[in-house]
Amino acid sequence: MKAGIYNGIKQIEMKELPRPTAGDNDAVIRVVKAGICGTDVHAYLAGGDDVGIHAGSQFGHEFVGVISEIGKNVTGLRAGDRVTICPTTRRSESCGLNSTEIADMTGAFSEYVYVENARAGYNVFVLPDSLSFETGVLTEPLSVASHGVAIADLKGSEKAVVYGAGTIGLCAVAALQNKGIRDIIVSDISDSRLEVARRMGAVAFNSKDGGLIEFIKSQWGVHTGNSSEECINADVVIDCAGLPFIVNEFIDHAKTLSSLIIIAVHGKNVEISPYWVLAKELTLKGSRGYTPEDILTAIRTLDDPSCRLGEIITQVYPHSQLCRAFEQACDAGNSIKVVIDYGK
Ligand SMILES: [Zn+2]
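Okay, so let's go over this structure.

Conventions and cut-offs
- Residues numbered from 1 in each chain as written.
- Predicted model: local features only at pLDDT ≥ 70, side-chain atom pairs only at ≥ 80, totals over all residues.
- Heavy atoms only, no water.
- Pairing = 2+ DSSP bridges.
- Helix = DSSP H or I, 4+ residues; strand = E, 2+ residues; numbered from the N terminus.
- Contact = heavy atoms within 4.5 Å.
- Polar contact = N/O pair within 3.5 Å; in protein donor to acceptor, adjacent residues only side chain to side chain.
- Patch = residues over 30% accessible without salt bridge, like charges linked within 9 Å, V, L, I, M, F, W, Y side chains within 5 Å.
- Areas by Shrake-Rupley, 256 points an atom, 1.4 Å probe, with all protein chains shown as cover.
- Salt bridge = Lys/Arg side-chain N within 4 Å of Asp/Glu carboxyl O.
- Donors = N, O, S within 2.8 Å, 3.2 Å for Na, K, Ca; no water.
- Axes fitted to C-alpha atoms, helices over the stretch in contact; angles between N-to-C directions.
- Parallel < 35°, antiparallel > 145°, perpendicular 65-115°, else oblique.
- Expected span 1.5 Å × (residues − 1).
- Buried < 20%, exposed > 50% of the residue type's maximum accessible area, 1.4 Å probe, protein only.
- Core = buried A, V, L, I, M, F, W, Y, C linked by side-chain atoms within 4.5 Å.
- Domains from an automatic or database assignment.

### Quick word on the sheet that holds strand β2 (residues 11-16)
Here we have 3 strands laid out as an open sheet, ordered β2-β1-β4, and antiparallel in their pairing. In this open sheet, the two strands that pair with only one neighbour each are β2 and β4 (57-58).

### Remarks on the environment of Arg 91
Structurally, Arg 91 can be placed in the loop between β6 (82-85) and α2 (99-104). For the pair Arg 91 and Ile 312, spaced 221 residues apart in the sequence, the C-alpha separation amounts to 30 Å. For Arg 91, the residues in contact, after removing those within four places along its chain, are Ile 102, Tyr 114 and Glu 116. Side chain to side chain, Arg 91 and Glu 116 meet in a polar contact 3.4 Å long.

### Focus on a nonpolar patch on the surface
Judged by side-chain polarity, Val 270, Ile 272 and Leu 284 come together as a nonpolar surface patch covering roughly 190 Å² of accessible area. Structurally, the position occupied by Ile 272 is in the loop between β15 (259-262) and α9 (274-279).

### Some remarks on the coordination of the zinc ion
Around the zinc ion, the protein supplies Cys 37 (SG), His 61 (NE2), Glu 62 (OE) and Glu 140 (OE) as donor atoms, at distances of 2.3 to 2.6 Å. As a motif over one chain, the donors of the zinc ion read C-x23-H-E-x77-E. You can see His 61 sitting in the loop between β4 and β5 (62-70) and its partner Glu 140 sitting in helix α4 (residues 139-152), a full 79 residues away along the chain.

### Thoughts on the packing of helix α1 (residues 38-46) against helix α11 (residues 322-330)
Orientation of α1 relative to α11, taken along the N-to-C sense of each, is 95°, at an axis distance of 10 Å. Between α1 and α11, the crossing angle belongs to the class labelled roughly perpendicular. Contacts between α1 and α11 involve Asp 40, Val 41, Tyr 44 and Leu 45 on the former and, on the latter, Cys 323, Phe 326, Glu 327, Ala 329 and Cys 330.

### A closer look at helix α5 (residues 167-178)
The terminal C-alpha atoms of α5, which comprises 12 residues, lie 16 Å apart, in line with the 16 Å expected from a rise of 1.5 Å per residue. Counted residue by residue, α5 has 10 buried out of 12 residues, so it is predominantly covered. If you check which residues of α5 are buried, you get Thr 167, Gly 169, Leu 170, Cys 171, Ala 172, Val 173, Ala 174, Ala 175, Leu 176 and Gln 177. Two residues or fewer past α5, Gly 180 is found with a positive phi of approximately 95°.

### Some thoughts on the nonpolar core
Within the largest apolar cluster, 49 residues are counted, with the highest numbers of intra-cluster contacts made by Leu 170, Leu 176, Val 186, Ile 238, Leu 309 and Ile 312. In terms of residues, this core owes the most to one element, α5, which gives 7 residues. When residues of this core are assigned to domains, at least three map to each of domain 1 (2-126 + 308-341) and domain 2 (142-286). Core analysis: the next-biggest nonpolar cluster, separate from the first, contains 33 residues, Ala 43, Phe 63, Leu 77 and Ile 340 among them.

In structure tokens form, the structure reads like this:
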């Protein structure tokens, strides 16, 4: 099979490798479409060791495909099933890798992916016939956002602010909408990304010159807090941007009992005021990865005809142009989600 190999910064090689074979408990999946994740781009631009992608390895973890071979002990899955997987449980941790490495070296940029101890609804998920591969390929990033929305524990009538209109921020919009939430403001500094948020039904705000808090107040009114402080009328704020000012912008302007869900990876520490966290009874929650339930939620969300998340796919490249696809994915101003199409 043709396998996309990560060889270090700006080095991707297409190599001929033996096609994996399924043991009695395993599955082999022929990849149909794969998405380039921010993690993959990070490895390509800055090195992969800190994100679990080591030189000489297959990589890529967002994909959909068809089961080409299934072990005789596997129940509930058949050759020919259209599926996606949970990359973090693709192999048992006894293989010597941690779950990040297991996920990030899945090999979605290779023609076939191997799943050890394949279990339906645990590490392999059958896609409904009504869900196309074109949008099904977004299941993994949408699972990340669905987890953040799940732990926010929303009722469906809340108002939500999303920082960041990249893949995860826009996935958060779809996950919130799937929960019934209609009042969503998305903040970013890229007009083209904000345009996608708008097409998905969110209110978009370009915060390159600041002013987000005033904008939220102008849209949803001003809320007065316990200590007569002025607050924004948002129930949940989802951080999909990872910028250091966000945590304090939330604490300074949040209304009583609201929450901040941190999905983005922050590279810097910030100093916060525990006093205001107490005074406003704020919740700060971190959201890491996803559960099988989040993956099922993501599949249901994408399968809903009202879901507009397909809008985030900006370019599709054939597998033979994997390197060009990566160069495109690095051009953040002109791409959101870049997809590899193995049929092209
Ligand atoms: Zn990803």
